[in-house]
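Per-entry structural report
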Amino acid sequence: MAVLVSGGAGFIGSHTCVELLNSGEEVVVFDNLSNSKRSVIDRIEEITGKKVKFYQADMLDKEALRNIFKENDIESVIHFAGLKAVGESVCYPMKYFENNIYGTINLCQVMEEFGCKRMVFSSSATVYGMRNQSPLSEEMPLSVTNPYGRTKLVIEDMMRDLCFADKEWSVMLLRYFNPIGAHKSGLIGEDPNGIPNNLLPNVVNAAIGKTDKLKVFGNDYDTPDGSCVRDYIHVVDLAVGHISALKKIREMKGADAINLGTGCGYSVYEIINAFEKESGVKVPYETVGRRSGDVAECYSDPSKAARELGWKAQFGISEMCRDLWNYVTKTLNK
Ligand code: NAD
Ligand code: UD1
């Protein structure tokens, strides 16, 4: 019996594969490598000393998915595969709806064909929209402001409807806050194709001279230092949360949504300081205007995860920056 990891060569998927293998699970990965590299799979095997069965496959290709289920005894799916660049989704909404939503429909239909009805899905704090006040908790009203976010909300709703219609399904919708950091081996981490959107890849690029300066988007928010506050979470903590969620879907039926965050907020300037301290490298930056769509503060109420999954984030901001820098010097910037 194996766990199928869609998008398992990506940032969060690769770290989750390591934790799955370390906890004794058999792992099958498929990824179309649109935002990742084949070498990540070798690195997962190097870290764990265990084998991963890998398929380069696209979830839009239903026959390819069927083939994976034919060749393996899949009992649960952890579904990371998806496009995730907010700005790109605004320019190319149909690309996002097709890939993320249609891809998920294909995956669910093939799962049903093979009698596999357990899924952990990568949702996002983006489903809380702009109107809720942090700390954000699971029962708050949901809304979205861009096509990427809409794909997450549509898939959440789709999975709730599926579980309502067929009581054999169990689905955990994990709402991630801001994953950063890297595995302590320094062998895997975040390595996005193209120009990054998120803060830490841009901090790294400024630190290693790949870009002139980091742009800090706004210092006039109603926050202690004027820059935006986010709930950064170590990607290994996030990965471990998936092991707890997997155990949960093996016991429960129906759909449930749970935040994976630390409950602590850090500002952009605090992140720059923490990164400089851990790396010993200055981050050149300039403060520019606000980025449209940003909220001043976004951090989680993590109590449901503690209650329902027995999970709590272990690492702090210095460990996140330390492990990120270790990955940059050991692997990314080689
Ligand atoms: P990532 O881009 O590193 O990983 C996603 C993987 O999915 C990539 O390896 C990509 O090649 C693959 N993929 C995309 N479309 C595919 C398709 N049609 N068929 C097969 N593979 C496909 O991203 P990540 O940061 O690891 O995020 C994983 C999931 O978590 C995504 O669904 C993302 O939306 C969600 N999420 C991420 C964050 C974040 O800040 N990183 C926050 C909230 C939610
Ligand atoms: C962004 C997305 C969100 C998505 C999440 C994870 C937007 C509006 N939101 O959230 O939907 O779920 O990523 O992929 O894009 N910052 C800078 N300079 C930079 C980059 C970011 O100052 O070069 C600031 C941002 O203004 C923000 C903070 O850093 O205040 C974190 O930004 P980011 O990493 O993009 O995450 P979110 O904005 O939380």
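Anything mentioned here points back to the structure above.
It should be emphasised that the depicted structure is a prediction, and the values quoted were computed from it without experimental measurement.

1. As for the site of ligand 2
The environment of ligand 2 is made up of 20 residues, and the closest members are K215, C228, R230, R291 and D294. A distance of 2.8 Å separates an oxygen atom of ligand 2 from a polar backbone atom of L199. Classifying every residue of the shell around ligand 2 by side-chain character gives nine nonpolar, seven polar and four charged.

2. Things to note about the pattern of salt bridges
All told, the structure shown has 22 salt bridges when counted by the stated rule. Between R118 and E75 there is a salt bridge, and its shortest N-O distance comes to 2.9 Å. One end of the pair, R118, is in strand β5 (residues 118–124); the other, E75, is in strand β4 (residues 74–79), with 43 residues separating them in the sequence. Its salt-bridge partner being R291, residue D294 comes within 3.1 Å of it at the nearest N-O pair.

3. Examining the sheet that holds strand β11 (residues 254–260)
As summarised here, the arrangement of the seven strands in space is β3-β2-β1-β4-β5-β6-β11, forming an open sheet in which the pairing is parallel. Each edge of the open sheet is held by one strand with a lone partner, namely β3 (53–56) and β11. Direction aside, neighbouring strands of the sheet carry axes that sit 20 degrees apart on average. Relative to strand β2 (residues 26–31), strand β1 (residues 2–6) runs parallel, the two sharing five bridges. The residue bridging V3 from the neighbouring strand is V27, located in β2.

4. Points about the nonpolar core
Core analysis: the largest hydrophobic core is formed by 39 residues, its most contacted members being M172 and L174. For this core, the leading source of residues is helix α8 (residues 235–251), giving seven residues. Discounting chain neighbours no more than four positions away, the residues touching L174 are V120, F121, S122, S123, S124, H242, A245, I258, L260 and L309. With 30 residues, the next largest nonpolar core counts F30, A57, I101 and M119 among its residues.

Conventions used here
- Residues numbered from 1 in each chain as written.
- Chains lettered and ligands numbered in written order.
- Predicted model: local features only at pLDDT ≥ 70, side-chain atom pairs only at ≥ 80, totals over all residues.
- Heavy atoms only, no water.
- Near = heavy atom within 4 Å.
- Polar contact = N/O pair within 3.5 Å; in protein donor to acceptor, adjacent residues only side chain to side chain.
- Nonpolar A, V, L, I, M, F, W, Y, C, P; charged D, E, K, R; others polar.
- Salt bridge = Lys/Arg side-chain N within 4 Å of Asp/Glu carboxyl O.
- Helix = DSSP H or I, 4+ residues; strand = E, 2+ residues; numbered from the N terminus.
- Pairing = 2+ DSSP bridges.
- Axes fitted to C-alpha atoms, helices over the stretch in contact; angles between N-to-C directions.
- Core = buried A, V, L, I, M, F, W, Y, C linked by side-chain atoms within 4.5 Å.
- Buried < 20%, exposed > 50% of the residue type's maximum accessible area, 1.4 Å probe, protein only.
- Contact = heavy atoms within 4.5 Å.

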